[in-house]
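# An overview of the molecular structure
Spelled out from the first residue to the last, the chains are:
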Amino acid sequence: MAKGILIAAVDYSTVTEDEFHDWYDTEHIPQRLAVPGFINAVRWLGAGDTRFSSLLPAAVTPSGRVSLALYDLDNVAVLHSPPYRAVAGDNDTPWTKRVTGRAKMIIRLEGEQLWPGDALAPVGEAAAVLLVAMNVAPEAEAEFNEWYNSEHLPGFAAVPGVLCARRYRGAGATQRYAAIYHLADPEVHRSAAWRTAGGTPWTERMRPHFRDVLRIEARRYQRA
């Protein structure tokens, strides 16, 4: 069965920073890692607002203080299991309700890994991560998936400094598709090799079919 992921990104500009990190580190993530089927949890903080217009026309880059949490799962069904429901939704703790009630959700996507299928995040190795989420025009969806799986993601995966490249199809967010790139250095996605991989004729042909593009570049969170 394909590995799953939970992607959760919020703008926490309206939350006291110390409380936000304390809540995530001491309650929220430990609570989820205790749920069977959660493999890992890594936090990232938004960094920069650069995007390549040649690849992502009309992309939205969140502003403010952005937190991105990525949870690898045995499969996406974990998020509908009784142990997870016992600590989520209506069963959120008072602290969770207070913090999330102040923060603004950017994306929360429950996804199934489409490519390569069973890869896990290189925990502890990456210095940065790039998340790209989008929809696609319905008439182009079949070709979109063929392009992403056979050319686009493998091309980026081969760029020096890309430690892992994965893509997902999911539910729960405005965007249905998401790609996650773990990078050895925050500048990898500004390199000539990256631009070459993202500027093929097939990519140019697919660009007009992109919808609701969201782009978040982030660096690893380290507790002070």
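Please read these numbers as outputs of a predicted model, since none were measured by experiment. (Residues numbered from 1 in each chain as written. Predicted model: local features only at pLDDT ≥ 70, side-chain atom pairs only at ≥ 80, totals over all residues. Heavy atoms only, no water.)

## Concerning the packing of helix α1 (residues 17-33) against helix α3 (residues 94-102)
Test applied: Only the stretch in contact is used when a helix axis is fitted, and all axes are lines through C-alpha atoms; the angle between N-to-C directions ranges over 0 to 180 degrees. What counts as a helix is a DSSP run of H or I of at least four residues, what counts as a strand is a run of E of at least two, and both are numbered from the N terminus. For classification purposes, angles smaller than 35 degrees are called roughly parallel, those larger than 145 roughly antiparallel, those between 65 and 115 roughly perpendicular, and all remaining angles oblique. Handedness of a crossing follows from how the near helix is turned relative to the far one, being left-handed for an anticlockwise turn of less than a right angle and right-handed for a clockwise one. Contacts are residue-level and defined by heavy atoms, with any inter-residue pair within 4.5 Å sufficient. Charged means Asp, Glu, Lys or Arg here, nonpolar means Ala, Val, Leu, Ile, Met, Phe, Trp, Tyr, Cys or Pro, and polar covers whatever is left, Gly included.
For the pair α1 and α3, the least separation of the axes is 11 Å and the interaxial angle reads 140°. Classified by the interaxial angle, the pair formed by α1 and α3 is oblique. In this structure, α1 meets α3 at a crossing whose hand is left-handed. Residues Glu 19, Phe 20, Asp 22, Trp 23, Thr 26, Glu 27 and His 28 of α1 form the contact with α3, whose own contacting residues are Trp 95, Thr 96, Arg 98, Val 99, Thr 100 and Arg 102. Here the residues of the contact of α1 with α3 are counted per class, giving four nonpolar, four polar and five charged.

## Describing the pattern of salt bridges
Put simply, the test is: Criterion for a salt bridge: a side-chain nitrogen of Lys or Arg within 4 Å of a carboxyl oxygen of Asp or Glu. Any residue under 20% of the maximum accessible area for its type is buried, any over 50% is exposed, and the rest in between are partly exposed; the area is computed with a 1.4 Å probe on protein chains only.
Using the criterion set out here, one finds 15 salt bridges in the structure. Taking the shortest distance from any N to any O, the salt bridge between Asp 72 and Arg 166 comes out at 2.9 Å. Residue Asp 72 is found in strand β3 (residues 66-73), and its partner Arg 166 is found in strand β6 (residues 162-171); the two are separated by 94 residues along the sequence. Take Asp 72: its relative accessible area is 2%, and that puts it in the buried class. Notably, a salt bridge pairs Arg 108 with Glu 110, separated by 2.8 Å at the nearest N-O pair. A network of salt bridges, in which partner residues are shared, links Asp 22, Asp 25, Arg 43 and Arg 223.

## What about the packing of aromatic side chains?
Stated precisely, the cut-off is as follows: Here the aromatic set is Phe, Tyr and Trp, taking the six-membered ring for Trp, and pairing holds for ring centres within 6.5 Å; pairs whose planes are under 30 degrees apart are stacked, those over 60 apart are edge-to-face, and all others are tilted.
Within this structure, the stated rule accounts for 15 aromatic pairs. Judged by centre distance (5.8 Å) and plane angle (50°), the rings of Phe 144 and Trp 147 are tilted. Within this pair, Phe 144 and its partner Trp 147 are both found in helix α4 (residues 141-157), separated by three residues, close to a single helical turn. Looking at Phe 144, the relative accessible area reads 0%, which means it is buried.

## Comments concerning the pairing of strand β7 (residues 177-183)
Note the cut-off: When DSSP finds two or more bridges between a pair of strands, those strands are recorded as paired.
Among the seven residues that make up β7, seven are buried, leaving the element largely enclosed by the rest of the structure. Side-chain alternation along β7 places Tyr 177, Ala 179, Tyr 181 and Leu 183 on one buried face and Ala 178, Ile 180 and His 182 on a second face that is also buried. With seven bridges joining them, β6 and β7 adopt antiparallel strand pairing. Looking across to β7, one finds that Arg 166 is bridged to Ile 180. Between the end of β6 and the start of β7, which pair antiparallel, lie five residues, with Gly 172 showing a positive phi angle near 100°.

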